[in-house]
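Topology and contacts: notes
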Amino acid sequence: MSVPEPRRPVHDTGSRRTAAPPVQVVILAAGMGTRLGRSLPKPLTPLRDGRSILDHQLHGVRTAFGPAADVTLVVGYRAEVLRAAAPGARFVDNPHYARTNTSQSLRRALVASRPGGVLWLNGDVVFEPAVLDHVGPAVRADRSFVCVDTATTADEEVKYTVDDAGFVRELSKTVVGGLGEAVGINYVCAADKAVLVDHLARCADQDYFERGIETAIARGEMRVRPLDISAFAAVEVDVEDDLVRANHRCVPGAEDGAQELVGPG
């Protein structure tokens, strides 16, 4: 009977490609969302297909970046129901959610993140799943960006301008002559993360995270590309009319936004 040869140990000579680490995704979900008038956190608002905004986001993340995507929720208002709704996620608490804005929620999440870049979403943005496929190459290339919609520049939304090289110059609700709106989907690369954390720490409690990006840009410490996603639908849900638009434009099967909408609850 022949004896099989002993199995040779396998040594990594450095010629193999190391698997990329899971994409880090943060969802900012600490706020109370009072303008929408729901008792639950805004990310748990139901859409017309029965899923919540959070379910919709998590499905998009897993579809675009795989089941290993490393998802963290920043929680505050009614944190226990968000924890129950996303059992596979990590959680970062913002205990001061009632008096702070997204600048401080994002700062806490970035400090708690592992090395590498971070993609973050506002917890109230509803988008076509293809949006994340579209931004995937920039995420994998580790380039800081802000997703923008060049088709609209509403007064109440965060708007932007660019410098001569095409990088973001201004980013706020008070921008004059904006080229479009930021939609609430953004990425900070590994090299920029500590800089952004520093600028977020300098923000006032009620500042949006865009203020930290804008001051870092103004001091020449970050360069951020506007990434145009205007070919796809993305809606931040602040009031009831936004929910109608989100159902109509972003939810599969929503041929008529006036049909079968989920009412207040």
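See the structure above.
Okay, so let's go over this structure. What you see is a predicted model; the values in this text were computed from it and never measured. (Residues numbered from 1 in each chain as written. Predicted model: local features only at pLDDT ≥ 70, side-chain atom pairs only at ≥ 80, totals over all residues. Heavy atoms only, no water.)

**Details of the nonpolar core**
The criterion, for reference: Throughout, nonpolar core names a set of buried Ala, Val, Leu, Ile, Met, Phe, Trp, Tyr and Cys residues whose side chains join them through atoms within 4.5 Å. Residue exposure (1.4 Å probe, protein chains only): buried if accessible area is under 20% of the type maximum, exposed if over 50%, otherwise partly exposed. By definition, residues are in contact when any of their heavy atoms lie within 4.5 Å.
Grouped together as the largest cluster of nonpolar side chains are 38 residues, with contacts concentrated most on F65, L73, L119, L132, F145 and I185. In this structure F65 touches V23, L119, L132, G136, V139 and R140, once residues within four positions along its chain are discounted. Ranked by size, the runner-up nonpolar core spans 26 residues in total, among them A30, V146, L200 and M222.

**Some remarks on the layout of surface pockets**
Selection criterion: Put simply, the grid is 1 Å and covers the protein atoms alone, a cavity is a trapped set of points that fit a 1.4 Å probe, a pocket is an open set with protein on both sides within 12 Å along at least five of seven lines, and lining residues have an atom within 4 Å of a point. Grid points are joined across faces, edges and corners, and a volume is the space filled by probe spheres set on the points. Numbered from the N terminus, helices here are DSSP runs of H or I no shorter than four residues, and strands are runs of E no shorter than two. Residues are grouped as follows: Ala, Val, Leu, Ile, Met, Phe, Trp, Tyr, Cys and Pro are nonpolar; Asp, Glu, Lys and Arg are charged; all remaining types, including Gly, are polar.
The computed volume of the largest pocket comes to approximately 820 Å³. If you trace the largest pocket, you find 32 residues lining it, with K42, N101, T102, D124 and Y208 closest to the centre. Of all the secondary-structure elements, those providing two or more residues to the lining of the largest pocket are strand 1 (24-29), helix 3 (102-112) and helix 6 (209-218). Counted by class, the lining of the largest pocket contains twelve nonpolar, eleven polar and nine charged residues. If you add up the space inside the second largest pocket, you get close to 270 Å³. Lining the second largest pocket are 14 residues, and of these P21, P22, V23, V139 and R140 lie nearest its centre. Tallied by class, the residues present in the lining of the second largest pocket amount to eight nonpolar, three polar and three charged.

**Structural notes on the pattern of salt bridges**
Threshold: A pair is scored as a salt bridge if a Lys or Arg side-chain nitrogen falls within 4 Å of a carboxyl oxygen belonging to Asp or Glu.
With the rule as written, the count across this model stands at 15 salt bridges. Among the salt bridges present, the one from R35 reaches D238, with a minimum N-O distance of 3.5 Å. Of the two residues, R35 is situated in the loop between strand 1 and helix 1 (53-65) and D238 in the loop between strand 11 (234-236) and helix 7 (240-250); the sequence distance between them amounts to 203 residues. Its relative accessible area of 14% is what places D238 among the buried residues. A salt bridge links R245 to D242, with the shortest nitrogen-to-oxygen separation between them at 3.1 Å. You can see R245 and its partner D242 sitting in helix 7, three residues apart, about one turn around the helix. The class for D242 is buried, based on a relative accessible area of 11%. Through salt bridges with shared partners, a single ionic network connects R35, K42, D124 and D238.

**Brief notes about the environment of H199**
What counts, and what does not: Throughout this description, a polar contact denotes any pair of N or O atoms lying within 3.5 Å of each other; where both atoms belong to protein, one of them has to be capable of donating a hydrogen while the other can accept it, and for residues adjacent in sequence the pair is counted only when both atoms sit in side chains.
Structurally, H199 is set in helix 5 (residues 190-202). Residue H199 is classed as buried on the basis of its relative accessible area, which comes to 2%. On a C-alpha basis, the gap between H199 and S103 in space is 9.2 Å, while along the polypeptide they are 96 residues apart. Not counting residues within four places of it along the chain, the set of residues in contact with H199 comprises G212, T215, A216, R219 and E221. Within the structure, H199 has its side chain in polar contact with the side chain of T215 (distance 2.9 Å).

**Details of the pairing of strand 2 (residues 70-75)**
For the record, the criterion: DSSP calls a pair of strands paired once it identifies at least 2 bridges connecting them. Orient the strands so they point away from the viewer, and a crossover whose first-strand-to-second-strand path over the helix runs clockwise is right-handed.
Where burial is concerned, most of strand 2 is hidden: six out of the six residues are buried. Neither face of strand 2 is open: one carries D70, T72 and V74, the other V71, L73 and V75, and all of them are buried. With six bridges connecting them, strand 1 and strand 2 associate as parallel partners. Bridge pairing in strand 2 places A29 opposite V75. Running through helix 1, the crossover from strand 1 to the neighbouring parallel element strand 2 is right-handed. Note that the unit made of strand 2, helix 2 (residues 79-85) and strand 3 (residues 90-93) has a crossover that is right-handed.

Read these as spatial facts, not as claims about activity.
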